[in-house]
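Tertiary structure, described
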Amino acid sequence: MPRLILLRHGQSQWNLENRFTGWVDVDLTAEGEAQARRGGELIAAAGFKPAVMFTSVLTRAKRTGALALQSAALNDVPVVEDWRLNERHYGGLTGLDKAETARVHGEDQVKVWRRSYDIPPPPLERGSEWDFHGDARYAGQDIPDTESLKTTLDRVLPYWNEAIAPRLKAGEDVLIAAHGNSLRAIVKHLFAVPDDRIVGVEIPTGNPLEIDLDADLKPTAARYLDEGRAEALPPIA
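Parameters and conventions
Residues numbered from 1 in each chain as written. Predicted model: local features only at pLDDT ≥ 70, side-chain atom pairs only at ≥ 80, totals over all residues. Heavy atoms only, no water. Axes fitted to C-alpha atoms, helices over the stretch in contact; angles between N-to-C directions. Helix = DSSP H or I, 4+ residues; strand = E, 2+ residues; numbered from the N terminus. Parallel < 35°, antiparallel > 145°, perpendicular 65-115°, else oblique. Contact = heavy atoms within 4.5 Å. Nonpolar A, V, L, I, M, F, W, Y, C, P; charged D, E, K, R; others polar. Buried < 20%, exposed > 50% of the residue type's maximum accessible area, 1.4 Å probe, protein only. Phe/Tyr/Trp six-rings, centres within 6.5 Å; stacked < 30°, edge-to-face > 60°. Lys NZ or Arg CZ within 6 Å of the ring centre and 35° of its normal. Pairing = 2+ DSSP bridges. Core = buried A, V, L, I, M, F, W, Y, C linked by side-chain atoms within 4.5 Å. Lys, Arg positive; Asp, Glu negative; His and termini not counted. Salt bridge = Lys/Arg side-chain N within 4 Å of Asp/Glu carboxyl O. Polar contact = N/O pair within 3.5 Å; in protein donor to acceptor, adjacent residues only side chain to side chain.

So, the packing of helix α6 (residues 149–169) against helix α7 (residues 180–191)
Close contact between α6 and α7 brings their axes to 9 Å; oriented N to C, the two are set at 70°. Taken together, the axis directions place α6 and α7 in an arrangement best described as roughly perpendicular. The residues of α7 that touch α6, namely those facing L149, T152, L153, V156, L157 and W160, are N181, S182, R184, A185, I186, K188, H189 and L190. Across the contact of α6 with α7, the residue classes break down as eight nonpolar, four polar and two charged.

Brief notes about unusual backbone geometry
The residue N18 is not glycine, and still its phi comes out positive at about 65°. Residue N18 is classed as partly exposed on the basis of its relative accessible area of 34%. For A192, which is not glycine, the phi dihedral falls at a positive 50°. Following the sequence through the fold, A192 ends up in the loop between α7 and α8 (195–198).

Describing the packing of aromatic side chains
Using the criterion set out here, one finds seven aromatic pairs in the structure. With centroids separated by 6.1 Å and ring planes inclined at 85°, the aromatic side chains of F54 and Y159 adopt a geometry described as edge-to-face. Of this pair, F54 sits in strand β2 (residues 52–55) while Y159 sits in helix α6, and the two are 105 residues apart along the sequence. Among the aromatic residues, those joined into a ring-pair cluster are W23, W83, F132 and Y138. Here the guanidinium or amino end of K98 rests over the ring plane of F20, the centre of that ring lying 5.5 Å away. Positioned above the aromatic ring of Y117 is the side chain of K188, whose terminal nitrogen or guanidinium carbon lies 5.1 Å from the ring centre.

So, the sheet that holds β2
On the basis of which strands lie adjacent, the open sheet formed by six strands has the order β3-β2-β4-β1-β5-β6 and mixed pairing. Strands with a single pairing partner mark the edges of an open sheet, and in this sheet they are β3 (79–81) and β6 (219–224). Sheet twist, expressed as the mean angle between neighbouring strand axes with direction ignored, is 20°. Bridge count for strand β1 (residues 3–8) against strand β5 (residues 209–213) is four bridges, and the pairing is antiparallel. Along β5, the bridge assignment pairs I5 with E210. Against the sheet, helix α3 (residues 59–71) engages β1, β2, β3 and β4 (174–178), with an angle of about 155° to β2.

Points about the side chain of N181
Topologically, N181 is positioned in helix α7. In this structure N181 comes out as buried when scored by relative accessible area, which is 6%.

Concerning the packing of helix α4 (residues 98–105) against helix α5 (residues 107–115)
Look at α4 against α5: their axes get within 6 Å of each other, and the N-to-C directions meet at 120°. In this view, α4 runs oblique relative to α5, as classed from their interaxial angle. Of the residues in α5, those touching α4 at K98, T101, A102 and H105 are E107, Q109, V110, W113 and R114. When grouped by side-chain class, the residues that make up the contact of α4 with α5 number three nonpolar, three polar and three charged.

What about the nonpolar core?
If you look at the biggest cluster of nonpolar residues, it comprises 35 residues, and the most contacted ones within it are L4, W160 and I176. Counting residues in hydrophobic clusters, the runner-up holds 14 residues, among them L42, M53, A68 and A177.

As for the side chain of R88
If you trace the backbone, R88 turns up in the loop between β3 and α4. No salt bridge is formed by the buried R88; its nearest oppositely charged neighbour, E147, is found at 6.4 Å. Within the structure, R88 has its side chain in polar contact with the backbone oxygen of W113 (distance 2.5 Å). For R88, the side chain forms a polar contact with the main-chain oxygen of R114, separated by 3.2 Å.

With respect to the pattern of salt bridges
For the structure on display, the rule yields 22 salt bridges. Ionic pairing is found between R167 and E172, a salt bridge with its closest N-O pair at 2.5 Å. A salt bridge links R223 to E227; the nearest nitrogen and oxygen atoms lie 3.4 Å apart. When salt bridges with common partners are traced through the structure, they connect R3, D173, E210, R223 and E227 into a single cluster.

In structure tokens form, the structure reads like this:
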């Protein structure tokens, strides 16, 4: 039966600065690089040898995956990048300091934007500093101006069905190096997590989540590879 590992990218510079990052292409910090390498060590210790690694088009996810594969001595694993595995688009919050945003809009409103399942932040204005419509990586794509977790799932799931699920159904092991919300969307789909509970599911950085799947891609077991960290697992039916 196939195995899947979900690996959330390590700390980025804007994580450190407490800013809404979304689709902005920031790099890892030194701590984030160390987290990625540690993830690779855990993957190697688990004897996991993926046939392919999927990742987003954002540097922090791509470098996390690359550093993990290097650390695990898995340098020949092919890598597939796609924007549909990007982090959630934070719309008009993009680039803002989280604490300052809470002071301006109120903590309750910011909590709604960050943690509700289907209420997105205000849209990002066209022509603004962080407008991604001119980015060559998204040429010809109908990209969003803002996203909730629900609409993030709406773009991740078709890619899962189109590109990732067929590899797993063929019996291949797969690694996905991506982001908190795109991985949360995959977890919601696989574990059938209810809408009101998925927003409370945290995918930790640098601690690979290994999921055993049956022939129908239903989880039969799951564990975080760094078992010394107290991480709550998604429920398995």
